[in-house]
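This is what each chain is made of:
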Amino acid sequence: MANVTTAQLFEEPFDADEYIERLAWRTPGGGSKGGAEAFDPKKLLEEFVNHIEELKQLDERIQRKVEKLEQQCHREAKEFAHKVQDLQRSNQVAFQHFQELDEHISYVATKVCHLGDQLEGVNTPRQRAVEAQRLMTYFNEFLDGELRSDVFNNPDKIKEAADIIQKLHLIPCVYLKGKYHDLERQLIQEFTAAQRRGEIGRMREVAAVLLHFKGYAHCVDVYIKQCQEGAYMRNDVFEDIAILCQRVNKQVGEVFCSPETVMAKLIQSIFENKIQAHVKERLDETRNSDVEQYLKNLYDLYTRTTALAAKLSDFNLGSDKHTFLSKLIKNIFSCYLESYIDMERQYLQNRSGMILQRYYDSKNHQKRPVGTGSIQELKERIRQRTNLPLGPSIDTHGETFLSQEVVVNLLQETRHAFERCNKLSDPADLPKNAFSIFLLLVEYLCVDHIDYALEIGLSAIPSADAKNVNLYFLDVVQQANTIFHLFDKQFNDHLMPLISSSPKLTECLHKKKEVIEQMEVKLDTGIDRTLNCMIGQMKHILATEQKKTDFKPEDENNVMIQYTTACSKVCAYVSKQVERVRRSMDGKNVDTVLTELGVRFHRLIHEHLQQFSYSSMGGMLAICDVAEYRRSAKDFRVPLVLQLFDTLHALCNLLVVAPDNLKQVCSGEQLTNLDRNLLHAFVQLRVDYRSARLGRHFS
């Protein structure tokens, strides 16, 4: 029972701690909580001692069993080693017998080969003699002029007759030559008939016979001509050719012993006849009548021909198939590609000029000459860069003379030109041709359209002292920016890939930079003059709406308004212009222009406030006006502008502060760094300046 218990306790997986717990639990009075019996440590100790003795006995029995098994294993290992040695000796004997047998077989085979050579040496001359006798018999019939043998009279034996004629045709005999040509003709006819019936096996047999005849090439020509019959049934000749070549490629491999030669000859025939005729017909009908359609057709035909050649290059056409196909394409298109770029440029010039002219005609606008060097041109340029009154500005009635439709049409035409240029230009000429197209785009889009619109826009900007004017130049700026983004996108997407690895890249980038700089100069000039006009409008509002009594009211105790009418109108005008600038600009240009406008706006208000004298209540009104101006300045979202109006607001406090507090206010955070002359100038605007002797506070 103890052994059984021990065996149960040793069940896998074995855990020593669990083993002790289970042993204690099985012992009466050995459980940790007592159970049915109270815990008895003596019984547990006794059980552990007895169990240890049992384990020692079990260990001894297992050890004896292990030793017995080890002895048995050593004995069986020795027996197995003896068996292996016996097998190795038997294998050695068998290998020796095999070597002896192999040598004997080689000896017999050598004898058989020698005997075969001797028999062949005797049989070959005999066969040649028999063949010679047979040929002499047939040749005798040709000399007699009467063919009696069945081989020459039985149509079913044309193959044997061809073999005989092939062997005899070198002998000078008129009748023999006639029979040679007659048989050759019959074989070609048989091949043609088999081709029409679709009998591939018969075609292969006849082609193999004709291979040794001079007419083999004619057989191939007949095959090529016949396999094209009825092949061009669709409107798409290129699709027809691809299907035809796919079908024939499989067939020639089954019929001819050199299928690559036949396939190459078929493709050459297709290119030199069918494709060349198709290209000539499509291009010649439009070359002189419709240049646009001619260029589209040329691009389409060349693209589809090269795509077809790429498909055909998968076939076995010989070792240099790519050169072979390229030469076929060049032979067809060379006469058209030589003059391609000239026609492309001429078409692009005419088309671009027509698009622009049609647009200006729709506006009933006669284009003004730009940069003529005339006196009027000189006046215009002086007027653009100064505020000198050299005559009235042009009234464009709000027309920017920029059209996204025109731009899209010009860019689309140029994109098509780049695509054709990429496909149709010789790789060596591609960068040069692409650059010439780019120059036309610059000429018509950037110079004749955008730059012209900027010139007209500059001419339409009124002088800074003009009243109640509408400023359209910001609309010109907005549209010019949008258009130039489109131009830049086409430059990166369609031109850069064509010139990126050539010296023309530097020229293109330089030209683009030059165009951008020229436009930026005009945009900057126009924006600067537009800002001057905005300030002029504000100045006009202040001059007409601001009254001297606003800041020296007759009744100091009965002022009900929060800020003056002039301030209200100026702030409303400023808000509109700020919003307009945001709509017209993009990116960092918004902050740049608003910063400049904000600085000029601040300077105007600062100078305007210094034109008046202020009573105590008037000073409060001035502070209210500046507070309203400051609220407008927040719309700029430019820290500098807001800081300037904060300082101006602090300066206006000098108009109302008690005389004894002036020094303290001037030492405040916002005024302490200002020039004391500026502070003094504001204090002098107070009506009580002399009576209160405020000057002593700045002595």
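Residues numbered from 1 in each chain as written. Predicted model: local features only at pLDDT ≥ 70, side-chain atom pairs only at ≥ 80, totals over all residues. Heavy atoms only, no water.

> Sorry, what's going on with the overall build of the chain here?
Helix and strand content of the chain: 24 helices and 0 strands. Considering only contacts within the chain whose residues lie at least 6 apart along the sequence, 73% involve residues at least 24 apart. Carbon and sulfur atoms provide 52% of the accessible area of the chain, an area that totals close to 40800 Å². (Helix = DSSP H or I, 4+ residues; strand = E, 2+ residues; numbered from the N terminus. Contact = heavy atoms within 4.5 Å. Areas by Shrake-Rupley, 256 points an atom, 1.4 Å probe, with all protein chains shown as cover.)

> Where do I start with the pattern of salt bridges in this structure?
Two side chains bearing opposite charge may form a pair once their charged atoms approach each other closely. In this structure the tally under the stated criterion is 23 salt bridges. In this structure, the salt-bridge partner of Asp429 is Lys432, at a minimum N-O distance of 3.9 Å. Judged by its relative accessible area of 32%, Asp429 falls in the partly exposed class. Between Lys489 and Asp493 there is a salt bridge; the shortest N-O distance is 2.5 Å. Within this pair, Lys489 and its partner Asp493 are both found in helix H17 (residues 473-499), separated by 4 residues, close to a single helical turn. Residue class for Lys489 comes out exposed when judged on its relative accessible area of 52%. (Salt bridge = Lys/Arg side-chain N within 4 Å of Asp/Glu carboxyl O. Buried < 20%, exposed > 50% of the residue type's maximum accessible area, 1.4 Å probe, protein only.)

> Sorry, what's going on with the side chain of Asn297 here?
Within the element layout of this structure, Asn297 appears in helix H11 (residues 291-312). Excluding residues within four positions of it along the chain, Asn297 makes contact with Arg282, Leu283 and Thr286.

> Could you clarify how one ought to interpret the environment of Pro639 in this entry?
With respect to the element layout, Pro639 can be found in helix H22 (residues 639-652). Sequence separation of Pro639 and Thr595 is 44 residues, and the distance between their C-alpha atoms is 8.9 Å.

> For this particular structure, what's the right way to read a nonpolar patch on the surface?
Side chains of Tyr107, Val108 and Val112 sit close together on the surface and give an oily, nonpolar patch of about 300 Å² of accessible area. Relative to the elements of secondary structure, Val108 occurs in helix H3 (residues 41-144). (Patch = residues over 30% accessible without salt bridge, like charges linked within 9 Å, V, L, I, M, F, W, Y side chains within 5 Å.)

> Just checking my understanding: could you explain helix H12 (residues 321-337) for this structure?
Given 3.6 residues to a turn, an α-helix orients residues that are three or four positions apart in the same direction. Between its terminal C-alpha atoms H12 stretches 22 Å, which fits the 24 Å expected from 17 residues at 1.5 Å a residue. Among all positions in H12, only Leu325, Leu328, Ile329, Ile332, Phe333 and Tyr336 are buried. Contacts made by the buried residues of H12 are with helix H10 (259-284), H11 and helix H13 (340-362). (Expected span 1.5 Å × (residues − 1).)

> Can you help me understand the confidence of the model for the chain in this one?
Where the model shows low pLDDT, its predicted coordinates should not be examined in detail. Mean pLDDT over the chain: 82, with 81% of residues reaching 70 or higher. Counted against residues more than four places away or in other chains, residues 372-376, with its pLDDT under 50, gives 1 contact. Scored below 50 in pLDDT, residues 387-392 makes 8 contacts in the model with residues more than four places away or belonging to other chains. (pLDDT = per-residue confidence, 0-100.)

> Got a minute to help me understand the packing of aromatic side chains in this structure?
In this structure the tally under the stated criterion is 15 aromatic pairs. Note on Tyr223 and Phe256: the rings are 5.2 Å apart at their centroids and 70° apart in plane angle, and the pair reads as edge-to-face. Taken as a pair, Tyr223 in helix H8 (residues 216-227) and Phe256 in the loop between helix H9 (237-255) and H10 lie far apart in primary sequence, 33 residues in all. A single burial state applies to Tyr223 and to Phe256, both of which are buried. By the ring-pair criterion, three or more aromatic residues cluster together here, those being Phe435, Phe438, Phe484, Phe487 and Phe491. Here the basic side chain of Lys367 rests over the ring of Tyr452, its NZ or CZ set 4.6 Å away from the ring centre. (Phe/Tyr/Trp six-rings, centres within 6.5 Å; stacked < 30°, edge-to-face > 60°. Lys NZ or Arg CZ within 6 Å of the ring centre and 35° of its normal.)

> Can you walk me through the environment of Gln478 in this structure?
Inspection of the secondary structure puts Gln478 in helix H17. Residues Gln478 and Thr400, 78 residues apart in the sequence, show an inter-C-alpha distance of 10.0 Å. Setting aside anything within four residues of it in sequence, one finds Gln478 in contact with Arg583 and Ser584.

> Quick question: what am I supposed to make of helix H24 (residues 676-683) here?
Within the sequence span of H24, burial applies to Leu679, Phe682 and Val683. Projected onto a plane normal to the axis of H24, the buried residues spread over an arc of 100° and lie on a single side. Lining the buried residues of H24 we find helix H20 (588-609), H22 and helix H23 (662-666). (Arc of directions from axis to C-beta.)

> Got a minute to help me understand the packing of H10 against H11 in this structure?
Each packed pair of helices is defined by two parameters, the angle between the axes and the distance between the axes. Interhelical geometry of H10 versus H11 gives an angle of 165° and a closest axis separation of 10 Å. The orientation of H10 with respect to H11, classified from their angle, is roughly antiparallel. The chirality of how H10 crosses H11 is right-handed. Counted together, Ile267, Phe271, Ile275, His278, Val279, Arg282 and Leu283 of H10 and Tyr294, Asn297, Leu298, Asp300, Leu301, Thr305, Leu308 and Leu312 of H11 form the full contact between these two elements. Of the residues assigned to the contact of H10 with H11, the class counts are 10 nonpolar, 3 polar and 2 charged. (Axes fitted to C-alpha atoms, helices over the stretch in contact; angles between N-to-C directions. Parallel < 35°, antiparallel > 145°, perpendicular 65-115°, else oblique. Left-handed = near helix turned anticlockwise from the far one by under 90°. Nonpolar A, V, L, I, M, F, W, Y, C, P; charged D, E, K, R; others polar.)

> Explain the packing of H13 against helix H16 (residues 430-460) here, please?
The N-to-C vectors of H13 and H16 enclose an angle of 10°; their axes lie 10 Å apart at closest approach. Comparing their axes, H16 and H13 come out roughly parallel. Residue-level contacts link Ile341, Glu344, Arg345, Leu348, Gln349, Ser352, Gly353, Leu356, Tyr359 and Tyr360 of H13 to Asn433, Ser436, Ile437, Leu440, Tyr444, Asp448, His449 and Tyr452 of H16.

> I would appreciate a short explanation of the side chain of Ser425 in the present structure.
Mapping Ser425 onto the fold places it in the loop between helix H15 (404-424) and H16. Separated by 2.8 Å, the side chain of Ser425 and the backbone oxygen of Cys421 make a polar contact. A polar contact is formed between the side chain of Ser425 and the side chain of Asn433, at a distance of 3.0 Å. Excluding anything up to four places from it in sequence, Ser425 contacts Tyr340, Arg420, Leu430 and Asn433. (Polar contact = N/O pair within 3.5 Å; in protein donor to acceptor, adjacent residues only side chain to side chain.)

> Looking at this structure, how should I read the nonpolar core?
Generally speaking, nonpolar side chains in soluble globular proteins are found buried as a group. Within the largest apolar cluster, 161 residues are counted, with the highest numbers of intra-cluster contacts made by Phe256 and Met538. Per-element tally for this core: the top contributor is H16, with 17 residues. Mapping this core onto the domain boundaries places at least three of its residues in each of domain 2 (366-378 + 395-538) and domain 3 (546-697). Dropping the residues within four chain positions of it, Phe256 is found in contact with Phe191, Ala207, Tyr216, Val220, Tyr223 and Val262. (Core = buried A, V, L, I, M, F, W, Y, C linked by side-chain atoms within 4.5 Å. Domains from an automatic or database assignment.)

> Where do I start with a negative patch on the surface in this structure?
Together, Asp15, Asp17, Glu18 and Glu21 give the surface a local cluster of negative charge. On the accessibility criterion, Glu18 (41% relative accessible area) is partly exposed. (Lys, Arg positive; Asp, Glu negative; His and termini not counted. Charge placed at Lys NZ, Arg CZ, Asp CG, Glu CD.)

> Looking at this model, I keep getting lost on unusual backbone geometry. Mind explaining?
Glycine aside, the phi torsion of most residues is negative, and most peptide linkages are trans. Positive phi is not limited to glycine here, since Asn364 has a value of about 55°. For Asn364, the position within the fold is in the loop between H13 and helix H14 (375-385). With a relative accessible area of 75%, Asn364 lands in the exposed category. Located in the positive-phi region is Arg637, a residue other than glycine, with phi close to 55°. Summarising the element assignment, Arg637 is placed in the loop between helix H21 (616-634) and H22.

> Help me understand the environment of Glu344, please; the structure alone is not making it clear to me.
Among the secondary structure elements, Glu344 is positioned in helix H13. A residue is classified by how much of its surface remains accessible, and Glu344, at 0% relative accessible area, is buried. Separated by 70 residues in sequence, Glu344 and Thr414 place their C-alpha atoms 9.9 Å apart. Residues in contact with Glu344, not counting those within four places in the same chain, are Leu295, Ala417, Arg420 and Ile437.

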